[in-house]
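# Structural overview for review
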Amino acid sequence: MKGDHHVILRVVAKALIPVIAIYGFYVHFHGEYSPGGGFQAGVILAVSVILYSLIFGIAPAMRAITPGFARFIAGLGFIIYIGVGVWALAMGGNFLDYDALFREEPGGHLGQHTGIIVIEIGVLFAVAGSMVTIFYAFAGRVSEIRDEDW
Amino acid sequence: MTGFEGATLAIDLLNITLLTILFVIAIAIARLRSLFAIVMLSGIYSLVSATWFVALDAVDVAFTEAAVGAGISTALFLGAMVLTSRTAKAEKGATKIVPLLVVIATGAILIYATIDLPGFGDPTSPANTGVGVDFIERTYPEIAIPNIVTAVLASYRGFDTLGEVGVVFAAGLAVSLLLGFGERSLGASVRREDRVASLKKDEEES
């Protein structure tokens, strides 16, 4: 790009955005051992997409993560979460009763671990998808943010 | 002075410093009229609050505040700000005095209410003798994951978290139904690129 005075911003962001996204996944998969979980991870992943679209423009971001895909992910996450509850119901337990997932003996932890991991994935998808959808809805109404707009 | 007292003094000084910074930022946000400065300052406010939550040992809350308050809210506010004007209108007359009185009255009531609260980290407080101890004792035998906060959020309070996720999903749905799904600008820019390409083609041909 010729005469681009945001070159430092773009170069730094290019290096940082993958790190932010990987950090989001780290926060997600370490939610059982350290602070964090699906909610924070979803927000961090959404921020990596939003940062990309703030710096490189909304149209390239929408080609990479299409608005339809963001909406699909948001709905899918919510359905995954409810699905775990229905799974527990189908196995004869209460809604979201993870102990019932595999009809374990008392003292078994497989159901609890599986339930937590699956609902955290649902939270991750729903939060990341919803946040990107909200940002696209706001940012999609102006075709380009000019420098003097700030 | 023992080492422990020194540490308490240091933590007190840290708390006072962070709360003073928060106070100054809040006053600045109330006085400023430039929306861009206000959005940036509210992001900084969230970041300083997150630091303060770490000082209070609430690491999970601090992490959420840093990610949601300083990260995504700032970005969403910036996106919303682009749709509106860049400065807020100045308040005048009664609209200036009445909110101030309401805020002072609410603040006085809250400060009065803190007199009855147990001290910070008090081992005999209801939170540390009742349900808190119960969760600390039961989480590992029952769920067997080290982070109690995750266990409470995802398992013991799974239904609450389902509601939270539902709220986030409903917010995304409502915003996209009100403002459109965001494909408009993509369509516009793709059309513009096509037009530029076709113009170039025309020039080459002529």
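Residues numbered from 1 in each chain as written. Chains lettered and ligands numbered in written order. Predicted model: local features only at pLDDT ≥ 70, side-chain atom pairs only at ≥ 80, totals over all residues. Heavy atoms only, no water.

Counting secondary structure elements, chain A contains five helices and zero strands. Along its sequence from the N terminus, chain A presents helices and strands in the succession α-α-α-α-α. The proportion of buried residues among the 150 residues of chain A is 47%. Looking at chain A alone, contacts between residues at least 24 apart form 59% of all its contacts between residues at least 6 apart. Accessible surface, chain A as shown: approximately 7,300 Å² in total, 69% of it carbon and sulfur. (Helix = DSSP H or I, 4+ residues; strand = E, 2+ residues; numbered from the N terminus. Buried < 20%, exposed > 50% of the residue type's maximum accessible area, 1.4 Å probe, protein only. Contact = heavy atoms within 4.5 Å. Areas by Shrake-Rupley, 256 points an atom, 1.4 Å probe, with all protein chains shown as cover.)

Below, the discussion takes up the packing of aromatic side chains. Taken as a whole and assessed by the stated rule, the structure comprises nine aromatic pairs over all chains. Aromatic pair Phe25 of chain A and Phe29 of chain A: ring centres 6.4 Å apart, planes at 15°, arrangement stacked. One end of the pair, Phe25 of chain A, and the other, Phe29 of chain A, are both in helix 1 (residues 7–29), four residues apart, so they sit about a helical turn from each other. What makes Phe25 of chain A partly exposed here is its relative accessible area of 40%. In textbook terms, an aromatic cluster arises when at least three aromatic residues are bridged by ring pairs, as seen for Tyr23 and Tyr26 of chain A together with Phe63 of chain B. (Phe/Tyr/Trp six-rings, centres within 6.5 Å; stacked < 30°, edge-to-face > 60°.)

All names here are of chain A. Packing of helix 1 against helix 2 (residues 38–56) brings their axes to within 8 Å, and their N-to-C directions diverge by 165°. The angle between helix 1 and helix 2 places the two elements in the roughly antiparallel class. When the axes of helix 1 and helix 2 are compared, the crossing they make is left-handed. Contact residues: helix 1 offers Leu9, Arg10, Ala13, Lys14, Ile17, Ile20, Ala21, Tyr23, Gly24, Phe25, Val27 and His28, while helix 2 offers Gly38, Gln40, Ala41, Ile44, Leu45, Ser48, Leu51, Tyr52, Ile55 and Phe56. (Axes fitted to C-alpha atoms, helices over the stretch in contact; angles between N-to-C directions. Parallel < 35°, antiparallel > 145°, perpendicular 65-115°, else oblique. Left-handed = near helix turned anticlockwise from the far one by under 90°.)

In this assembly, 54 residues from chain B lie in contact with 55 residues from chain A. For chain B, the biggest contributors to the area lost against chain A are Phe63, Ile72 and Phe169 of chain B; these three give 12% of the whole. At the junction of chain B with chain A, the criterion picks out zero salt bridges. Where chain B meets chain A, there are 12 residue pairs in polar contact (both at pLDDT 80 or more). Breaking the side of chain B that touches chain A down by element, the ones donating at least two residues are helix 3 (59–82), helix 6 (131–142), helix 7 (148–156), helix 8 (158–179) and helix 9 (183–205) of chain B. For the side of chain B that touches chain A, the element with the most residues is helix 3 of chain B, which contributes 15 residues. Grouping the constituent residues of the side of chain B that touches chain A by class yields 31 nonpolar, 15 polar and eight charged. (Buried area = accessible area lost by both parts, 1.4 Å probe. Salt bridge = Lys/Arg side-chain N within 4 Å of Asp/Glu carboxyl O. Polar contact = N/O pair within 3.5 Å; in protein donor to acceptor, adjacent residues only side chain to side chain. Nonpolar A, V, L, I, M, F, W, Y, C, P; charged D, E, K, R; others polar.)

This brings us to the environment of Pro123 of chain B. Topologically, Pro123 of chain B is positioned in the loop between helix 4 (94–114) and helix 5 (126–129). For Pro123 of chain B, the contacting residues outside a window of four places in its chain are Asn128 and Thr129 of chain B.

Right, let's talk about the nonpolar core for a bit. By size, the foremost hydrophobic cluster in this structure holds 46 residues, and its most contacted members are Tyr81, Tyr98, Ile119, Met131, Phe135 and Tyr136 of chain A together with Ile72 of chain B. At the level of secondary structure, the elements contributing two or more residues to this core comprise helix 2, helix 3 (58–64), helix 4 (67–90) and helix 5 (110–139) of chain A together with helix 3, helix 7 and helix 8 of chain B. Considering every element that reaches this core, the biggest residue donor is helix 5 of chain A, with 14 residues. For Tyr98 of chain A, the residues in contact, after removing those within four places along its chain, are Val84, Gly111, Gln112, Gly115, Ile116 and Ile119 of chain A together with Ala154, Ser155 and Gly158 of chain B. The next biggest cluster of nonpolar side chains, apart from the first, holds five residues, and it includes Leu18, Leu22, Leu41 and Val48 of chain B. (Core = buried A, V, L, I, M, F, W, Y, C linked by side-chain atoms within 4.5 Å.)

On to helix 7 of chain B. For an α-helix, 3.6 residues make a turn, and residues three or four places apart therefore share a direction. Among all positions in helix 7 of chain B, only Thr150, Ala151, Val152, Ala154 and Ser155 of chain B are buried. The opening residue of helix 7 of chain B is Asn147 of chain B, an N-cap whose side-chain oxygen sits 3.1 Å from the backbone nitrogen of Val149 of chain B.

A word on a nonpolar patch on the surface. There is a patch of nonpolar side chains on the surface, built from Val7, Ile8, Val11, Val12, Leu16 and Val19 of chain A and spanning about 540 Å² of accessible area. Residue placement: Leu16 of chain A occurs in helix 1. (Patch = residues over 30% accessible without salt bridge, like charges linked within 9 Å, V, L, I, M, F, W, Y side chains within 5 Å.)

This paragraph deals with the confidence of the model for chain A. Looking at chain A as a whole, its pLDDT mean stands at 85, while 91% of the residues score no less than 70. When pLDDT is averaged over each element of chain A, helix 4 of chain A comes out on top at 92 and helix 3 of chain A at the bottom at 85. (pLDDT = per-residue confidence, 0-100.)

Let's shift gears to the pattern of salt bridges. All names here are of chain B. Applying the stated rule across the entire model yields two salt bridges over all chains. The partner of Asp134 in a salt bridge is Arg138, with the nearest N and O atoms 3.3 Å apart. With Asp134 and Arg138 both in helix 6 and four residues apart, the pair spans about one turn of that helix. The class for Asp134 is partly exposed, based on a relative accessible area of 33%. The partner of Glu142 in a salt bridge is Arg138, and the shortest N-O contact between them spans 3.2 Å. Of this pair, Glu142 and Arg138 are both found in helix 6, four residues apart, which corresponds to roughly one turn of the helix. The exposure class assigned to Arg138 is partly exposed, which follows from its relative accessible area of 37%. A network of salt bridges, in which partner residues are shared, links Asp134, Arg138 and Glu142.

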